[in-house]
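Residues per chain are reported as follows:
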Amino acid sequence: MNASYPPPPPPAAAGRDRTTLWGVLGIVLGLICCGILGIIFGYLSIRDAKRYGQSPVLGYLAIAFGVINIIGTAIWRASGTYPLWND
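Thresholds applied
- Residues numbered from 1 in each chain as written.
- Predicted model: local features only at pLDDT ≥ 70, side-chain atom pairs only at ≥ 80, totals over all residues.
- Heavy atoms only, no water.
- Axes fitted to C-alpha atoms, helices over the stretch in contact; angles between N-to-C directions.
- Helix = DSSP H or I, 4+ residues; strand = E, 2+ residues; numbered from the N terminus.
- Parallel < 35°, antiparallel > 145°, perpendicular 65-115°, else oblique.
- Left-handed = near helix turned anticlockwise from the far one by under 90°.
- Contact = heavy atoms within 4.5 Å.
- Nonpolar A, V, L, I, M, F, W, Y, C, P; charged D, E, K, R; others polar.
- Expected span 1.5 Å × (residues − 1).
- Buried < 20%, exposed > 50% of the residue type's maximum accessible area, 1.4 Å probe, protein only.
- Arc of directions from axis to C-beta.
- Polar contact = N/O pair within 3.5 Å; in protein donor to acceptor, adjacent residues only side chain to side chain.
- Patch = residues over 30% accessible without salt bridge, like charges linked within 9 Å, V, L, I, M, F, W, Y side chains within 5 Å.
- Areas by Shrake-Rupley, 256 points an atom, 1.4 Å probe, with all protein chains shown as cover.
- Salt bridge = Lys/Arg side-chain N within 4 Å of Asp/Glu carboxyl O.

*Asks:* Can you walk me through the packing of helix α1 (residues 19–32) against helix α3 (residues 57–79) in this structure?
*Replies:* For any two helices packed against each other, the geometry comes down to the angle between their axes and how far apart the axes lie. Axis separation between α1 and α3 bottoms out at 8 Å; the angle between their running directions is 15°. By the angle class used here, α1 and α3 are roughly parallel. Both α1 and α3 take part in a crossing whose hand is left-handed. Touching Thr20, Gly23, Gly26, Ile27, Leu29, Gly30, Leu31 and Ile32 of α1 are Leu58, Leu61, Ala62, Phe65, Gly66 and Asn69, all from α3. Of the residues assigned to the contact of α1 with α3, the class counts are eight nonpolar, six polar and no charged.

*Asks:* I'm lost on α1 in this one. Help?
*Replies:* It helps to recall that an α-helix has 3.6 residues per turn; residues three or four apart then point in one direction. Its 14 residues give α1 an end-to-end C-alpha distance of 20 Å, which sits within 8% of 20 Å, the value for a rise of 1.5 Å per residue. Within α1, the full set of buried residues consists of Thr19, Trp22, Gly23, Gly26, Ile27 and Gly30. Across the axial projection of α1, the buried residues extend over an arc of 130°, all falling on one side. Elements in contact with the buried residues of α1: α2 (35–52) and α3.

*Asks:* Please clarify how the side chain of Ser45 should be interpreted in this entry.
*Replies:* Examined against the element boundaries, Ser45 turns out to sit in helix α2. A polar atom in the side chain of Ser45 sits 3.0 Å from the backbone oxygen of Thr19. Ignoring sequence-local partners within four residues, the contact set of Ser45 consists of Thr19, Trp22, Gly23, Leu58 and Gly59.

*Asks:* Honestly, the packing of α2 against α3 in this entry has me stumped. Any pointers?
*Replies:* For the pair α2 and α3, interaxial distance at closest approach is 7 Å and the crossing angle is 165°. When the interaxial angle is binned, α2 and α3 end up roughly antiparallel. Viewed along their axes, α2 and α3 form a crossing whose handedness is left-handed. Residues Gly35, Ile36, Gly38, Ile39, Gly42, Tyr43, Ser45 and Ile46 of α2 pack against Leu58, Gly59, Tyr60, Ala62, Ile63, Gly66, Val67, Asn69 and Ile70 of α3. Of the residues contributing to the contact of α2 with α3, the split by class is ten nonpolar, seven polar and no charged.

*Asks:* Looking at this structure, I do not really get a nonpolar patch on the surface. What am I missing?
*Replies:* Taken together, the side chains of Val24, Val28, Leu31 and Ile32 present a nonpolar region at the surface, about 370 Å² in accessible area. Secondary-structure assignment places Val28 in helix α1. A relative accessible area of 40% means that Val28 is categorised as partly exposed.

*Asks:* Would you mind showing me how to read the pattern of salt bridges here?
*Replies:* Pairs can form between side chains of opposite charge whenever their charged atoms are close. In this structure the tally under the stated criterion is two salt bridges. Asp48 is the partner of Arg47 in a salt bridge, and the nearest nitrogen-oxygen pair spans 3.5 Å. Given the relative accessible area of 33%, Arg47 is considered partly exposed. With a shortest N-O distance of 3.8 Å, Arg51 and Asp48 are connected by a salt bridge. Taken together, the residues span about one helical turn, with Arg51 and Asp48 both in helix α2 at a distance of three residues. A relative accessible area of 3% means that Asp48 is categorised as buried. Sharing partners across several salt bridges, the network here consists of Arg47, Asp48 and Arg51.

This is how it looks when you write it as structure tokens:
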């Protein structure tokens, strides 16, 4: 009884894999200015990493930095020393 196995699925198209792009954009924007965009790009990086079988570490870092940015900005504004916050 020799059962033939189905052929393996074709490899994912390399041109559509933007895991690293989303991760790096999320980290940079999450650290510098926009925590919300860092979280969004981090999610996109994790989604693509799972889809293409890559490591989702950049996405997790982007989400972490985005959350840290949001919390840090909230603390900074609450302390009253935020330069763009006019009471």
